[in-house]
Amino acid sequence: MAKILIVDDSRTSRKILRGMLEEAGHTIVGEAVNGEEGVAQYKSLKPDLVTLDVTMPVMDGIECLKQIKAESSDAKVVMVTAAGQKSKMMEAISNGADEFVSKPFDADKLKSIISKVVG
Ligand SMILES: [Mg+2]
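What counts, and where the lines are drawn
Position labels on residues start from 1 in each chain and follow its written sequence. With the structure being a predicted model, the display of local features is reserved for residues of pLDDT at least 70 and the display and counting of side-chain atom pairs for 80 or more, all residues being used for whole-chain, interface and lining totals. Helix axes are fitted to C-alpha atoms over the stretch in contact, other axes to C-alpha atoms as well, and angles between N-to-C directions run from 0 to 180 degrees. A helix here means a DSSP run of H or I that spans at least four residues, while a strand means a run of E at least two residues long, and both kinds are numbered starting from the N terminus. Note that the term roughly parallel is reserved for angles under 35 degrees, roughly antiparallel for angles over 145, roughly perpendicular for angles of 65 to 115, and oblique for everything else. Definitions for this section: a left-handed crossing has its near helix turned counterclockwise from the far helix by less than a right angle. A right-handed crossing has that turn clockwise. Residue pairs are scored as contacts if the distance between their C-beta atoms, which are placed from the backbone, is within 7 Å. By the convention adopted, Pro, Cys, Tyr, Trp, Phe, Met, Ile, Leu, Val and Ala count as nonpolar, Lys, Arg, Asp and Glu as charged, and the other residues, Gly among them, as polar. Counting other C-beta atoms within 10 Å of a residue's own tells you its class, since 20 or more makes it buried, 12 or fewer makes it exposed, and anything in between is partly exposed; those C-beta atoms are placed from the backbone. Think of a nonpolar core as buried Ala, Val, Leu, Ile, Met, Phe, Trp, Tyr and Cys residues chained together by C-beta atoms that fall within 7 Å. Strands are treated as partners if at least two bridges between them are detected by DSSP. What the arc describes is the spread of directions from the helix axis to the C-beta atoms.

Student: I would appreciate a short explanation of the packing of helix 2 (residues 35–45) against helix 3 (residues 61–71) in the present structure.
Tutor: Think of two packed helices as two axes; the pair is described by the angle between the axes and how far apart they sit. Running from amino to carboxyl end, helix 2 crosses helix 3 at an angle of 20 degrees, the nearest separation of the two axes being 9 Å. Considering their axes alone, helix 2 and helix 3 lie roughly parallel with respect to each other. Considering the relative orientation of helix 2 and helix 3, their crossing is right-handed. Along the contact surface, helix 2 presents Gly 35, Gly 38, Val 39, Tyr 42 and Lys 43, while helix 3 presents Gly 61, Glu 63, Cys 64, Gln 67, Ile 68 and Glu 71. Broken down by class, the residue content of the contact of helix 2 with helix 3 amounts to 4 nonpolar, 4 polar and 3 charged.

Shown next as structure tokens:
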């Protein structure tokens, strides 16, 4: 089971993700509310995987992804997207994102994507 860092500005999304991931047997090692905090927590916590929201204040998910990958090129990152973010998805893929989950979350889909990425 994986040690996971959740990066999302929405309290509700963080709560739902935590619940679903813990239910699947994973450990949430941290929660960050924007990209800047996400990078800092990634460096200190060294999680197995990061769930990374695309749209956030201060620093968005794309910039956060770039900085995490610069820190550790083998970092496992699952992007969290909303409807209508296809260009952001393409940008995330070109910057090394491993997978995507879309809001609203589906517990079974989330579970299978996370286990696929952490292998
Ligand atoms: Mg957001």
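Student: Explanation requested: the environment of Glu 31 in the structure shown.
Tutor: Here Glu 31 lies in strand 2 (residues 27–32). Under the C-beta neighbour-count criterion, Glu 31 is labelled partly exposed, with 19 such atoms within 10 Å. Residues Glu 31 and Arg 14, 17 residues apart in the sequence, show an inter-C-alpha distance of 7.4 Å. The contacts of Glu 31, once residues within four sequence positions are left out, are Ile 6 and Arg 14.

Student: I would appreciate a short explanation of the nonpolar core in the present structure.
Tutor: For soluble globular proteins, nonpolar side chains are generally found buried alongside one another. Grouped together as the largest cluster of nonpolar side chains are 26 residues, with contacts concentrated most on Val 50, Leu 52, Leu 65, Ile 68, Val 77 and Met 79. Listed by contribution, the elements that provide at least two residues to this core are strand 1 (3–7), helix 1 (11–23), helix 2, strand 3 (49–53), helix 3, strand 4 (77–81) and helix 5 (107–118).

Student: Honestly, unusual backbone geometry in this entry has me stumped. Any pointers?
Tutor: Peptide bonds are trans in most cases, and residues, glycine excluded, mostly fall at negative phi. Look at the link from Lys 103 to Pro 104: it is a cis peptide, with omega at -5 degrees. Of note, Pro 104 is situated in the loop between strand 5 (99–102) and helix 5. Even without being a glycine, Lys 46 presents a positive backbone phi close to 45 degrees. One can find Lys 46 in the loop between helix 2 and strand 3.

Student: Help me understand the environment of Val 78 in this model?
Tutor: Tracing the backbone through its elements, the reader meets Val 78 in strand 4. Looking at Val 78, the number of C-beta atoms within 10 Å reads 22, which means it is buried. Taking C-alpha positions, Val 78 is 10 Å from Leu 5, a pair spaced 73 residues apart along the chain. Not counting chain neighbours up to four residues away, the residues in contact with Val 78 comprise Leu 49, Thr 51, Leu 52, Asp 98, Glu 99, Phe 100, Val 101, Ile 113, Ile 114 and Val 117.

Student: I keep staring at the sheet that holds strand 1 and nothing clicks. Help me out?
Tutor: In any sheet, the strands associate via hydrogen bonds between backbone groups, in a parallel or an antiparallel arrangement. The strand order across the open sheet built from 5 strands is 2-1-3-4-5, with neighbouring strands paired in parallel fashion. The sheet terminates laterally at strand 2 and strand 5, the two strands that pair on one side only. When strand polarity is set aside, the average angle formed by the axes of neighbouring strands in this sheet is 20 degrees. With 4 bridges connecting them, strand 3 and strand 4 associate as parallel partners. Each residue of the ladder has a partner; that of Thr 51, found in strand 4, is Val 78.

Student: I'm lost on helix 2 in this one. Help?
Tutor: Owing to its 3.6 residues per turn, the α-helix brings residues three or four apart onto one side. Among all positions in helix 2, only Gly 35, Gly 38, Val 39 and Tyr 42 are buried. Projection of helix 2 onto a plane perpendicular to its axis shows the buried side chains occupying an angular sector of 100 degrees, all on one side. Along its buried surface, helix 2 packs onto strand 1, strand 2, strand 3 and helix 3.

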